[in-house]
Amino acid sequence: MNGVVSISGMGILCAIGNNRQEVLDALMRKESGIGPMKYLSSVHTDIPVGEIKLSTAEMMQALGITSDTPVSRTSVMGALAVREALEQAGIRDVGGKRVALISGTTVGVMDVTERYYELQKTNPDLPYLPHSNECGRSTEEIARYAGLSDARCCTICTACSSALNAIMLGAEMLKNNEADLVIAGGSEPLSRYHLNGFNTLMILDRERCRPFDDTRAGLNLGEGAAFVVLEKDASHALAYVSGYANRCDAFHQTATSPNGEGAFLAMTEALLQAGIGPDEIDYINAHGTGTPDNDASESTAFQRVFGNGLPPMSSTKSYTGHTTSAAGSVETVICILAMQNGFVPASLGWSHPIPGGVIPTQGCSDVDLKYVMCNSFGFGGNDSSLILAKHAPVAGETKLADASRVALASRCVISNDEQLLQLKEYLSPMETRRMDKLMKACLLSAYTALKEAGIDRPDAIIAATSRGMFETSTLFLEDIIANHEEHLKPTLFMQSTHNTIASAIAIRTGCQGYNITYSQGDESAFWAIRDAKMLLRKGEARTVLVCIFDEEFPLEQAHRYQAESAIYTLQND
Amino acid sequence: MEELIEKLKLQIIDALNLEGMTPDDIDNDAPLFGEGMGLDSIDALELIVVLDKNYGIKLKSPAEGQTVFKSINCIADYIQKNRTK
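Because the structure is predicted, anything quoted here is derived from the model rather than measured.

**Some thoughts on the overall build of chain B**
When its secondary structure is counted, chain B shows 4 helices and 0 strands. Its helices and strands in sequence order give chain B the pattern α-α-α-α, from N to C terminus. Taken against the 2.2 N^0.38 rule, which gives 12 Å for 85 residues, the C-alpha radius of gyration of chain B at 12 Å falls within 12% of a compact globule. Projected onto the principal axes, the alpha-carbon positions of chain B cover approximately 30 × 25 × 20 Å. Put simply, of all contacts in chain B between residues at least 6 apart along the chain, 60% involve residues at least 24 apart.

**Considering the overall build of chain A**
Of the regular secondary structure elements, chain A holds 18 helices and 19 strands. Its C-alpha radius of gyration of 22 Å places chain A within 12% of the 25 Å reference for a compact globule of 573 residues. Principal axes of the C-alpha set define a box for chain A whose edges measure 65 × 60 × 55 Å. Sorting the 573 residues of chain A into buried and exposed places 61% on the buried side. At a minimum sequence separation of 6, the contacts of chain A that also span at least 24 residues come to 80%.

**Examining the interface of chain B and chain A**
Each partner contributes residues to the interface: chain B has 15 residues there, and chain A has 14 residues. The element contributing the most residues to the side of chain B that touches chain A is helix H2 (residues 41-55) of chain B, with 7 residues. Residue classes in the side of chain B that touches chain A are distributed as 6 nonpolar, 5 polar and 4 charged.

**A look at helix H15 (residues 470-482) of chain A**
Residue and element names in this part refer to chain A. Relative to the 18 Å expected for 13 residues at 1.5 Å per residue, H15 spans 18 Å between its end C-alpha atoms, a close match to the ideal helical length. Where H15 is buried, its residues contact helix H4 (110-122), helix H7 (192-200), helix H14 (437-453), helix H16 (490-494) and strand S18 (543-552). In the segment just after H15, histidine 484 is the residue with positive phi, at about 50°.

**Quick notes on the packing of helix H6 (residues 162-175) of chain A against helix H11 (residues 327-341) of chain A**
All names here are of chain A. With their axes 5 Å apart at the nearest point, H6 and H11 run at an angle of 70° to one another. The pairing of H6 with H11 is recorded here as roughly perpendicular in orientation. Two secondary-structure elements touch here, H6 through Ser162, Ala163, Leu164, Ala166 and Ile167 and H11 through Ala327, Gly328, Ser329 and Thr332. Class assignment for the residues of the contact of H6 with H11 results in 5 nonpolar, 4 polar and no charged.

**Some remarks on the environment of Asp29(B)**
Residue and element names in this part refer to chain B. Note that aspartate 29 resides in the loop between helix H1 (2-15) and H2. By C-beta crowding, aspartate 29 is classed as exposed, having 10 other C-beta atoms within 10 Å. It is 6.3 Å that separates the C-alpha atoms of aspartate 29 and isoleucine 72, two residues lying 43 residues apart in sequence. Each residue touching aspartate 29, except ones within four places of it in the same chain, is listed here: Ser71 and Asn73.

**A closer look at the environment of Val333(A)**
Residue and element names in this part refer to chain A. Counting through the fold element by element, valine 333 comes out in helix H11. Residues valine 333 and glycine 9 lie 324 residues apart in sequence; the distance between their C-alpha atoms is 9.6 Å. When sequence neighbours within four positions are dropped, the list of residues in contact with valine 333 reads Met10, Ile12, Ala226 and Val228.

**Section: the pairing of strand S5 (residues 181-188) of chain A**
Residues and elements named next belong to chain A. For S5, the buried fraction is high: 8 of the 8 residues fall into the buried class. Alternating positions in S5 separate into two faces, Leu181, Ile183, Gly185 and Ser187 on one and Val182, Ala184, Gly186 and Glu188 on the other, with burial throughout. Pairing of strand S3 (residues 99-104) with S5, which is carried by 6 bridges, proceeds in the parallel orientation. In the sheet register, serine 103 faces S5, and the bridge partner there is glycine 185.

**What about the pairing of strand S16 (residues 460-464) of chain A?**
Residues and elements named next belong to chain A. Across the 5 residues of S16, 5 count as buried, placing the element largely inside the fold. The alternating pattern of S16 places Ala460, Ile462 and Ala464 on one face and Ile461 and Ala463 on the opposite face, and all of these are buried. Two elements, S16 and S18, share 5 bridges in a ladder whose sense is parallel. Bridge pairing in S18 places isoleucine 462 opposite valine 546.

**Some points on the domain arrangement of chain A**
Residues and elements named next belong to chain A. In terms of domains, chain A is made up of domain 1 (5-389) and domain 2 (403-570). For domain 1 versus domain 2, the distance between C-alpha centres works out to 25 Å. Each partner contributes residues to the interface: domain 1 has 44 residues there, and domain 2 has 36 residues. Considering every element that reaches the side of domain 1 that touches domain 2, the biggest residue donor is H7, with 5 residues. Along the lines of polarity and charge, the residues of the side of domain 1 that touches domain 2 split into 15 nonpolar, 22 polar and 7 charged.

**Topic: unusual backbone geometry**
Residue and element names in this part refer to chain A. We note that methionine 202 has phi near 55°; this positive angle belongs to a residue other than glycine. Considering the arrangement of structural elements, one finds methionine 202 in the loop between H7 and strand S6 (221-222). Residues other than glycine seldom take positive phi values, yet histidine 484 does so here, at roughly 50°. Looking at the element boundaries, histidine 484 is found in the loop between H15 and H16. Taking the C-beta count within 10 Å as the criterion, histidine 484 has 9 such neighbours and is therefore assigned exposed.

**As for the nonpolar core**
For soluble globular proteins, the rule of thumb is that nonpolar side chains tend to be buried together. Residue and element names in this part refer to chain A. Among the nonpolar cores identified, the biggest contains 209 residues, and Leu388, Cys442, Ile505, Ala528, Val546 and Cys547 are the most heavily contacted of them. With 11 residues, the top contributor of residues to this core is H14. Counting contributing residues, this core receives three or more from each of domain 1 (5-389) and domain 2 (403-570). Not counting chain neighbours up to four residues away, the residues in contact with leucine 388 comprise Ala239, Tyr240, Val241, Ser242, Cys335, Ile336, Met339, Val372 and Cys374.

Thresholds applied
- Residues numbered from 1 in each chain as written.
- Chains lettered and ligands numbered in written order.
- Predicted model: local features only at pLDDT ≥ 70, side-chain atom pairs only at ≥ 80, totals over all residues.
- Helix = DSSP H or I, 4+ residues; strand = E, 2+ residues; numbered from the N terminus.
- Rg over C-alpha atoms; globule rule 2.2 N^0.38 Å.
- Contact = placed C-beta atoms within 7 Å.
- Buried ≥ 20, exposed ≤ 12 C-beta atoms within 10 Å, placed from the backbone.
- Nonpolar A, V, L, I, M, F, W, Y, C, P; charged D, E, K, R; others polar.
- Expected span 1.5 Å × (residues − 1).
- Axes fitted to C-alpha atoms, helices over the stretch in contact; angles between N-to-C directions.
- Parallel < 35°, antiparallel > 145°, perpendicular 65-115°, else oblique.
- Pairing = 2+ DSSP bridges.
- Domains from an automatic or database assignment.
- Core = buried A, V, L, I, M, F, W, Y, C linked by C-beta atoms within 7 Å.

Below, the structure written as structure tokens:
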């Protein structure tokens, strides 16, 4: 078991290029891909975006896809990136191998849903369209279009840290000998849905974003797909996965803590796992979105981890825009390109230092990057950090506790309105004012299961859902259509991401440990429980809360929902 | 002014989902954020939508909202001076 996890191939599409070479050239030329929208259809034409310079039809053509039903941009972008990654790794035939495709996305197939939602309501005879909020579908489509039909698919929905968490899961599966070959990353197109969502949060800059600049006024949304091929001990490695960690800020759904605690914990733990000191990091690709909140908080976290010795640091979101769920893999590929070509990408748009804050690099060349850190932080304070190494690190050895020692300490299922009344034992009406029924059911099941197990705060939180926040997502989509993208409710958007539940439980229990959300249809719960057991067996947690939830939300019929929380622990020998 | 305040309070109760609250429960001079009613940054965004949708007032950023949203009286005063509908 164990061994060194290497990256043997990578593929990328984003605003600055449709493949590795184009992306590298644009980074070298310091050329941003952010500009007016061309492919996305929205009334907010004053908002600059970072689009991939291809239409969905052009991407379908490149993949040789013909289809009578609409195809999601998420799926075709993803498939093109996977194909490029497999080609570079020299993998043509995966026969006989245990292959896993792990993708991070939150938009999923929403781009198709939002285009055909109204049409489908009035024409029920139209061919089936994926109005389901199921992110896992896009990963299955990527597998099919990229010629990996037999791969096991897994989708991670932790908002803007999804793709980095996907790479971490891939590395874990290889180390635990659960797969022979993993293709991991993320795919996120622009959608009217999340453009409007971010707009309600008032964090979209009308100018090009300026990460870590004192005049920064928000982020630019971008789209991107990037995947890496992960193998154990590959003979032709481009880079190695050296250390990683996922931690939770547990502060607020949409705001970051002033001291950047979640980011600090993730970076510190990733360094510990890599077995290196902060002074050995040669470049940091920051999360650096350009919002006042993120950059201030990440700045503080950098100062806490690196003191006065901050290595060259930049945010490449000034080139690509914020590719949200795909950001982690888009930026991992950029880090490896920098490593291979001995340069540090410049942070574009920066000119005014934040008083007392960190200063991003304007780029440098002819440098030897031995260790590179890549940060990705998501809604709800889902903070992840990955360390890549140029040379093969020494293989670590982890001892797994026997599987029979994992025990179920308690379980609680909540599925009706009468049960929900008990939530007032735990939360005041003021605290529950923004929560929908599914959120209330999840929190109540979590509180009850924790109480039964005699635990105040779990060490880790893992959620599983097929459709996510289906009611709230549908209501926000209805709101977008009915109000023509104006006067939308931020409350609906911030509560509509799949990871809002795991974050809410973390915030309420103060759990700053590992936090993840899986969404892969009926297999979602399998992935969650698998992960819980592994954390316990590796000794990374002593108690894990697993919350499995879903709902059916036909607009005019009964609303059915169910939330089940279970506490897993490791028993003594 | 009193009519405006009453209407505004109802709009706020609705937008912020303040279940079980009536206009009389909200003190016109009490701070809405922090130690007062305990509203947070998401509530501030919802209040910005209330002003835009009902009074045609467009605030550019949540920071601008901070000075306007001090109390009900403060918001009502701002509406009277700046409303476009």
